[in-house]
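Architecture and fold: a report
Listed below are the residues making up each chain.
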Amino acid sequence: MALSVTQLLIRALLWCATKLGYVPPVKRVFFTDITPDLAERARFWVAKWEENRAVGGEHKRHQVYSRLIKEFPEMPHHEIGRAIEVIVSERRMV
């Protein structure tokens, strides 16, 4: 993969900046705004689909996403997707 001169220059400048103590800002995402009823239903559907070993993970996620969109039509879709990701990450930590 060939890098352009601009990309090389940016990488070199970032390397120099980190050597001088620059720390790039980190975007922090907080998941406290997920409603309890959405979290409860997401936990239920994730647990239900997790038992099915015949299909892959992306299919399971889509099925949970589809079901939650039907149950919470007024909820923004990105909130539903984020709730699923939070629940899945919680289950991985246990």
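The shown structure was predicted, so the numbers you read here are calculated from the model rather than taken from an experiment.

So, a nonpolar patch on the surface
There is a patch of nonpolar side chains on the surface, built from I10, L14 and Y22 and spanning about 290 Å² of accessible area. Note on placement: Y22 falls in the loop between helix 1 (5-19) and helix 2 (36-50). The partly exposed category is assigned to Y22, whose relative accessible area is 40%.

Examining the confidence of the model for the chain
Per-chain confidence: the chain averages 85 in pLDDT, with 89% of residues scoring 70 or above. In the model of the chain, helix 4 (residues 77-93) stands out as the element of lowest mean pLDDT, 85, in contrast to helix 3 (residues 57-71), which has the highest, 92.

A short note on the nonpolar core
Counting residues in hydrophobic clusters, the biggest one holds 15 residues, and the most contacted among them are I34, L38, V64, L68, F72 and I80. Elements represented by at least two residues in this core include exactly helix 2, helix 3 and helix 4. Excluding residues that lie within four positions of it along the chain, L38 makes contacts with L68, F72, M75, E79, I80 and A83.

Some points on the packing of helix 2 against helix 3
Relative to each other, helix 2 and helix 3 sit at 145°, their axes nearing to 10 Å. Considering the relative orientation of helix 2 and helix 3, their crossing is right-handed. Taken together, the residues of helix 3 that come into contact with helix 2 (itself represented by L38, R41, A42, W45, V46, W49 and E50) are H59, K60, Q63, V64, R67, L68 and E71. Each residue belonging to the contact of helix 2 with helix 3 can be placed in one class, and the counts come to seven nonpolar, two polar and five charged.

Thoughts on helix 2
Between its terminal C-alpha atoms helix 2 stretches 21 Å, which fits the 21 Å expected from 15 residues at 1.5 Å a residue. Residues L38, A39, A42, W45 and V46 constitute the buried set of helix 2. Buried residues of helix 2, viewed axially, fall in a sector of 135°; they line one side. Exposed and facing more than 90 degrees away from the buried side of helix 2 are P36 and E40.

As for the environment of E79
Structurally, E79 can be placed in helix 4. Placed 45 residues apart in sequence, E79 and I34 show a C-alpha to C-alpha distance of 7.2 Å. Every residue in contact with E79, bar those within four places of it in the chain, is listed here: D33 and L38.

What about the layout of surface pockets?
By volume, the largest pocket amounts to about 310 Å³. In this structure, the largest pocket is lined by V46, W49, E50, G57, K60, R61, V64, I84, E85, V88, R91 and R92. Of all the elements, helix 4 adds the most residues to the lining of the largest pocket, at five residues. Of the residues assigned to the lining of the largest pocket, the class counts are five nonpolar, one polar and six charged.

Definitions and cut-offs
- The residue numbers shown here count from 1 along each chain, following its written sequence.
- Local features in a predicted model are, by the rule used here, given only for residues with pLDDT of at least 70; side-chain atom pairs are given and counted only at 80 or more, and totals for whole chains, interfaces and linings are based on all residues.
- As a convention, hydrogens and water are excluded, and side-chain values are obtained from all of the structure's heavy atoms.
- Patch criteria: residues need more than 30% relative accessible area and no salt bridge. Like-charged residues are merged within 9 Å; nonpolar side chains of Val, Leu, Ile, Met, Phe, Trp and Tyr are merged within 5 Å.
- Only the protein chains shown count as cover for residues, with accessible areas throughout obtained via the Shrake-Rupley method and a probe of 1.4 Å.
- Salt bridges are defined by distance alone: a side-chain nitrogen of Lys or Arg within 4 Å of a carboxyl oxygen of Asp or Glu.
- Secondary structure elements follow DSSP: runs of H or I of four or more residues count as helices, runs of E of two or more count as strands, with numbering from the N terminus.
- Accessibility here uses a 1.4 Å probe with only protein chains present; expressed as a share of the type maximum, an area under 20% marks a residue as buried, one over 50% as exposed, and anything in between as partly exposed.
- A score from 0 to 100, pLDDT tells how confident the predictor is in each residue.
- Take the buried residues of types Ala, Val, Leu, Ile, Met, Phe, Trp, Tyr and Cys, join any two whose side-chain atoms come within 4.5 Å, and each joined set is a nonpolar core.
- It only takes one pair of heavy atoms within 4.5 Å for two residues to be counted as in contact.
- A fitted line through C-alpha atoms serves as each axis, taken over the contacting stretch for helices, and the angle formed by two N-to-C directions is quoted from 0 to 180°.
- Rotating anticlockwise by less than a right angle from the far helix to the near helix defines a left-handed crossing, while the corresponding clockwise rotation defines a right-handed one.
- Amino acid classes used here: Ala, Val, Leu, Ile, Met, Phe, Trp, Tyr, Cys and Pro are nonpolar; Asp, Glu, Lys and Arg are charged; the rest, including Gly, are polar.
- To estimate how far a helix should reach, multiply one less than its number of residues by 1.5 Å.
- Arc definition: it is the arc formed by the directions from the helix axis to the C-beta atoms.
- Of the grid points, spaced at 1 Å and generated over the protein atoms alone, those admitting a 1.4 Å probe that cannot get out make up cavities, while open sets with protein on both sides within 12 Å along at least five of seven lines make up pockets; any residue with an atom within 4 Å of a point is treated as lining.
- Grid points are joined across faces, edges and corners, and a volume is the space filled by probe spheres set on the points.

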